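# Examination of the molecular architecture
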Amino acid sequence: MALLLEPDTTSAHGKPPDTLIVDDEAPVRRLLGRMLEQYGYTCTLAADAREARLQLQDKEFTLILCDVNMPDESGLDLVKHVLTQYPNTAVVMVTGLDDPHIAHAALEIGAYGYILKPFQSNEVLIDIANALRRRRLEIENRAYRENLEQTIRTRTAALQQAFEWLERTEKELRLSREETIQRLAIAAEFRDNSTARHIQRMSHYCGLLARRYGLDPEHCELIRTASPMHDIGKIGTPDHVLLKPGSFTPDEFKVICQHAEIGYHILNGSEAELLKTAAIIAWTHHERFDGSGYPRGLVGEAIPLEGRIAAIADAFDALTSKRVYKPAFSLDHAVDIMREHRGTHFDPALLDVFFDSMDDVLMIRDQYTDSFS
Ligand SMILES: [Fe+2]
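Presented here is a report on the structure given in the accompanying data block. (Residues numbered from 1 in each chain as written. Predicted model: local features only at pLDDT ≥ 70, side-chain atom pairs only at ≥ 80, totals over all residues. Heavy atoms only, no water.)

## Concerning the coordination of the iron ion
Asp231 (OD), His259 (NE2), His285 (NE2) and His286 (NE2) make up the full set of protein donors to the iron ion, lying at 2.0 to 2.3 Å. Note that the iron ion binds four donor atoms; their angles at the metal cover 83 to 168°, and the shape is irregular. The sequence motif formed by the donor residues of the iron ion is D-x27-H-x25-H-H. You can see Asp231 sitting in the loop between α8 (217-226) and α9 (239-242) and its partner His286 sitting in the loop between α11 (273-284) and α12 (305-320), a full 55 residues away along the chain. (Donors = N, O, S within 2.8 Å, 3.2 Å for Na, K, Ca; no water. Tetrahedral: all angles 85-135°; square planar, octahedral: opposite > 155°, others 65-115°. Helix = DSSP H or I, 4+ residues; strand = E, 2+ residues; numbered from the N terminus.)

If you want it as structure tokens, here you go:
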């Protein structure tokens, strides 16, 4: 029997359980008190719920034996209060009411046992031992769950931080890559165009046209990011040709035409999609839909879509911008010129989409205006 009544060390720090016995019948509560004290329990007696509440204000009990029928407040109400305020308390009802509904209600609100009077001491001791064991398991279970929840919260927060760091790093890498491309492209453009805004406008026109044409977002972004390098091959064009204000001789024109091939050779051979796309654009942005372009004279859809998009964006910006050899044309004039070349220079379907997107085209133009124009 002593084994069954081994004190519950999980909550009482090795001390015998503090027990509150609540019963309006003095002989019953004294009997229970004596019985438990024989086994080392510390017992406090209360004649009703009011006295019990006063005792509870002074200290927390490990175990409460509680009558059901008492004057004023019922034992069930008291137990509800106890289990709400002190959820680590083990409660066993001790009552003369042999009513399954009340027994069920007691167990529902959290009592661990229901002992009927008159009781045998063994029966009480076994029920108490079981209640204390269950209490210890529930406390351990709750602590385990709380610990688990805390671990999950901590790891989720760490994971979230890692994701945010990755996202930041990825964004920085993307911006850095874009900026590097733009600066390289500006270096090439700077010699004859003296404006960084041309490649910004041109690349946004390309991105816009690709989107409006219905390409998937990733492809559009690739075209937008790669297109600033379309004229990178101009770094191989001598100054006396590149900067010549008048028209070119046939030989000079041949030299100019080489910038598409040179750009392609600079950019070609990479495994990176961005550079592959940039190489295609550099190589094909001067091809014409009717086959009269350079460097290879490709016709129609044999010209890669990226090159056909870049041709429209590049030409529109060249026409509407001031250059050393020409003023900026009005929008109407530029559109007229391009429309004249619909199907000869430019892919007709793409050109229609570009003109249909003119509101957004003009927003880009206004956003990246040349400071001197
Ligand atoms: Fe070019």
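## Section: the packing of helix α7 (residues 197-212) against α12
As a packed pair, α7 and α12 sit with axes 9 Å apart at the nearest point and diverge in direction by 135°. On the basis of their axis angle, the class for α7 and α12 is oblique. Considering only the axes of α7 and α12, their crossing is right-handed. Together, His198, Arg201, Met202, Tyr205, Cys206, Leu209 and Ala210 of α7 and Ile309, Ala310, Ile312, Ala313, Asp314, Phe316 and Asp317 of α12 make up the contact between the two elements. Residue composition of the contact of α7 with α12, by class: 10 nonpolar, one polar and three charged. (Axes fitted to C-alpha atoms, helices over the stretch in contact; angles between N-to-C directions. Parallel < 35°, antiparallel > 145°, perpendicular 65-115°, else oblique. Left-handed = near helix turned anticlockwise from the far one by under 90°. Contact = heavy atoms within 4.5 Å. Nonpolar A, V, L, I, M, F, W, Y, C, P; charged D, E, K, R; others polar.)

## Topic: the pattern of salt bridges
Applying the stated criterion across every chain, the model contains 18 salt bridges. The partner of Lys117 in a salt bridge is Asp23, and the shortest N-O contact between them spans 2.8 Å. Placement of Lys117 in the loop between β5 (113-116) and α6 (121-189) and of Asp23 in the loop between β1 (18-22) and α2 (26-37) is noted, with a sequence separation of 94 residues between them. The same class applies to Lys117 as to Asp23, namely buried. When the shortest N-O distance is used, the salt bridge between Asp231 and Lys234 registers 3.1 Å. Under the relative-accessibility criterion, Lys234 is labelled buried at 12%. Here the salt bridges do not stand alone but share partners, grouping Asp23, Glu25, Asp67 and Lys117 into one network. (Salt bridge = Lys/Arg side-chain N within 4 Å of Asp/Glu carboxyl O. Buried < 20%, exposed > 50% of the residue type's maximum accessible area, 1.4 Å probe, protein only.)

## Some points on the pairing of strand β2 (residues 42-46)
With five bridges connecting them, β1 and β2 associate as parallel partners. Counted as the bridge partner of Val22 is Ala46 from β2. Handedness of the crossover joining β1 and β2 through α2 is recorded here as right-handed. (Pairing = 2+ DSSP bridges. Right-handed = clockwise from strand over helix to strand, strands pointing away.)

## Observations regarding the state of the cysteines
By definition, a disulfide links two cysteine residues through a covalent bond between their sulfur atoms. Throughout the structure, instances matching the rule amount to zero disulfides. The closest cysteine sulfur to the non-disulfide-bonded Cys43 is located on Cys66, 14 Å from its own sulfur. Cys206 carries a free sulfur, and the closest cysteine sulfur to it, the one in Cys220, is 11 Å from it. Here Cys206 falls in the buried class, since its relative accessible area comes to 0%. (Disulfide = S-S within 2.5 Å.)

What is shown is where atoms sit, not what they do.
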